[in-house]
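Residue strings, one per chain:
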Amino acid sequence: MGRSPRKDLLAGLTVAIVALPLALGFGISSGAGAQAGLVTAVVAGALAAVFGGSNLQVSGPTGAMTVVLVPIVHRYGTSGVLTVGLLAGVALVLLALLRAGSFMAYVPVPVVEGFTVGIAAVIALQQVPGALGIKAPPGSSPAVVAFKTVQDFATHPHWAALAVTSAVVVVMLAGARWRPAVPFSLFAVALATVVAKAARLDVATIGHLPAGLPAPSLSFLNASAVPALLPSALAVAALAALESLMSATAADAMTVSERHDSNRELFGQGLANLAAPLFGGVAATGAIARTAVNVRSGAASRLSALVHAAVLAVIVFAAAPLVAGIPLAALAGVLIATAIRMVEVGSLRALARSGRGEALILVLTAAATLAFTLVTAVIAGLVLSGVLALRSVAEAARIEQVPLHADLPPADHHQEEQALLAEHIVAYRLDGALLFAAAHRFLLELTESADVRVVILRMSRVSAIDASGAKVLGDAIGKLTRRGTLVLVSGVKENHQNRLDALGVLDELHDTGWLFATTPEALAFARAHLHDTGLLPAQRTGDLDTPEPVGAGR
C-alpha cells in the first residue's frame, strides 16, 4: 500500500463520493434503512479490502443483494436480515475453506449478462414508489408493486417527487456520457437537496440519522429462527460469492498485471458479512460499479478501498444532519440511473448475434430473475447452458467411413487385392465426444452399414466417452456380431479403455483378440481373416504375418 499512496488516496476519495448516494439508496431500498447502507459500506468495505483476494475490489451494499433482502425484511423484519447476513458470512468462509472460488470460471457469459439485466430491471422497478412519491403498496413482486404504485399515482399524482427523480436521472446519464470520470451522482443529489429545500417541495427525505456507528451487538440473533432463515442465508451467500467474484474478474480485465485470488476473496467477503450485521449493516458483496470507478481513478493497492471506507465513516460521524435532508426521490433517481447503466447494450447485441442459444440463455436468466429468486435464475441459466452445450457436443461427434488405402502398405498389396479388401472391409473413424446425447444416433449410423464381413472401429479421435456412450458402443458391436460381421476396434485411449473395461464392453474383444493398438494392425488381422475364410486368395510366402492383438490372447 506504500507504493503509490497519492493515487490511492485520490481514487479512494472518488469512490467514496460515488458510493455515498448508492449506499444510502441501497440501504433504504433493502428495507433496513439509510444508516444500514452506510454502516455496511464502512465496515464491510474495510474488512473486505484487508482480507479479500483482490487489490482493487471495493465492497459494500449492492443492488443485486437488495433484491434478495427485500422479501426477507418483509417476512422476518430487520433482525431477520441481520441474522441472514451473519449466516451468509459463515457460509462464505466455509466456501473459501473448501476452495469453491475456482468454480466461478464455469459460469457462462450469457448467464452473467442475463443475471445483470434481470437485476437492473428489478432495481428500477423497486424505485418506482420513491420516484412517484407514493408509499409502496404491499406485495413481494417488484413488477406487481410498481404497477399498483403507478395506478395510485394516476389517481393522486405527486409531480414534485417525479420531477426530482427525473432531474437526477437526466443529470447522471448525460454527465456519464460527457465526463465519465466525474461523480455526477453526488452533484445531482446535492443539487436536488438544495433545490427541494429552497423551493420547499413536498418530498419525503431520509430523516434523522444517528451520528456514528452503533456498538457491536448480537442482540438481534434469534437462535430459534435460524433453521427457517438458513435457506435465505444460503441464497445470500451464493449471490455474494457470484457477484464478488464477477466484480474481481472485471477488475482484473481492466488492468494489466492484477490477478485476484478467488478463494481468498470469498474469505474476505465472509469476514465482512460476519462483522457488518454486528453494527446493524446488511449483507455486502464486491460492487462492480464502485470497483470500476476505483480502477479507472488510478487505484494501485488496497489502500484506495480503505480510504473509501474511512471517508464514508467520517460522513457518518460528522455529516449525518446534512445526509438526513436528502430527498428519497433523489436517491430513487440515482438507483434508476445506476440500473440503466448496468445494462451493456453492446454486449447484449454481440450475444444476440453469436447465436440463438446464447440469446435464449440470456432471456431465460433475465426473466427468471424477475419472476423468481436470483439464485433460481442462475441455476436455470446454468441448466439451459449445460443442455445446449451437450447438444453442441453431440452434434460435433460424428462417425465417418474412411478409405483403407491410407493404412495399407502399397509394397505388400497390389491394386486388385486392395479392391477385394475394400469389398469386404469397412473402416469407421469416430470423432468427438461419445456421450449419451450422441450415442443413439451413433448406433443407428453404425448398424445400418453395408453388408460387409469386417468392420474396423477407429477410436483414437474419441475425446470423451460416458457410460451411456459405452453401453451403446457395446450394443452396436453385439448387433453387428450377431449379423455375422467381425468387429475390430483400434486406437482406444487408456483412460477410455479403463471405463469400457469397467462396464464390460471390451470383454469379448479381449477374449477373442479383436482389440488393437493401431489401425494397420487391425487391418492386417482382417486381411488374414479373409484369407482364412477363402474370400481372398491364399497368402503368398513373405506376406505380413497376422499381428498379436493388444491386451489379449488369440
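We now turn to the structure provided with this report. Predicted, not measured: the structure shown is a model, and the values here were computed from it.

This next bit is on the pairing of strand E7 (residues 486–490). When you tally the buried positions in E7, you get 5 out of 5 residues, the bulk of the element. Neither face of E7 is left uncovered, since the one carrying Leu486, Leu488 and Ser490 and the one carrying Val487 and Val489 both have all their residues buried. Sheet analysis places strand E5 (residues 454–458) next to E7, joined by 5 bridges and oriented parallel. If you follow Val454 over to E7, its bridge partner there is Leu486. Two strands pair when backbone bridges link them, and E7 and strand E8 (residues 515–516) are joined in this way by 2 bridges, in the parallel orientation. Residue pairing for E8: Val489 is matched across the bridge by Leu515.

Before going further, it helps to spend a moment on the packing of aromatic side chains. For the structure on display, the rule yields 4 aromatic pairs. Taking 5.2 Å as the distance between ring centres and 80 degrees as the angle between the ring planes, the aromatic pair formed by Phe153 and Trp159 counts as edge-to-face. Centroid distance Phe516 to Phe525: 5.3 Å. Interplanar angle 55 degrees. Geometry classified as tilted. Of the two residues examined, Phe516 and Phe525, each falls in the buried class. An aromatic cluster of three or more residues is present, and its members are Trp178, Phe184 and Phe187.

Tallied over the full model, the rule gives 2 salt bridges. The partner of Asp431 in a salt bridge is Arg429, and the shortest N-O contact between them spans 3.7 Å. Each of the two residues, Asp431 as well as Arg429, counts as buried. Where Asp475 meets Lys471, a salt bridge forms, and the shortest distance between an N and an O atom there is 3.3 Å. Placement of the pair is Asp475 and Lys471 together in helix H20 (residues 467–482), with a separation of 4 residues, close to one helical turn.

Contact geometry for helix H4 (residues 109–126) and helix H6 (residues 142–155): axes closest at 9 Å, N-to-C directions at 35 degrees. Where H4 crosses over H6, the handedness of that crossing is left-handed. Between H4 and H6, the contacting residues are Val122, Leu125 and Gln126 on the first element and Pro142, Ala143 and Ala146 on the second. Partitioning the contact of H4 with H6 into residue classes produces 5 nonpolar, 1 polar and no charged.

Here the focus is H6. Between its first and last C-alpha, H6 extends 20 Å over 14 residues, near the 20 Å set by a 1.5 Å rise per residue. Along H6, the residues classified as buried are Pro142, Val145, Ala146, Thr149 and Phe153. Burial along H6 is one-sided: seen end-on, the buried residues are contained in an arc of 100 degrees. Residues Phe147, Ala154 and Thr155 are exposed on H6 and point more than 90 degrees away from its buried face.

Cut-offs and rules
- Residues numbered from 1 in each chain as written.
- Predicted model: local features only at pLDDT ≥ 70, side-chain atom pairs only at ≥ 80, totals over all residues.
- Heavy atoms only, no water.
- Buried < 20%, exposed > 50% of the residue type's maximum accessible area, 1.4 Å probe, protein only.
- Helix = DSSP H or I, 4+ residues; strand = E, 2+ residues; numbered from the N terminus.
- Pairing = 2+ DSSP bridges.
- Phe/Tyr/Trp six-rings, centres within 6.5 Å; stacked < 30°, edge-to-face > 60°.
- Salt bridge = Lys/Arg side-chain N within 4 Å of Asp/Glu carboxyl O.
- Axes fitted to C-alpha atoms, helices over the stretch in contact; angles between N-to-C directions.
- Left-handed = near helix turned anticlockwise from the far one by under 90°.
- Contact = heavy atoms within 4.5 Å.
- Nonpolar A, V, L, I, M, F, W, Y, C, P; charged D, E, K, R; others polar.
- Expected span 1.5 Å × (residues − 1).
- Arc of directions from axis to C-beta.

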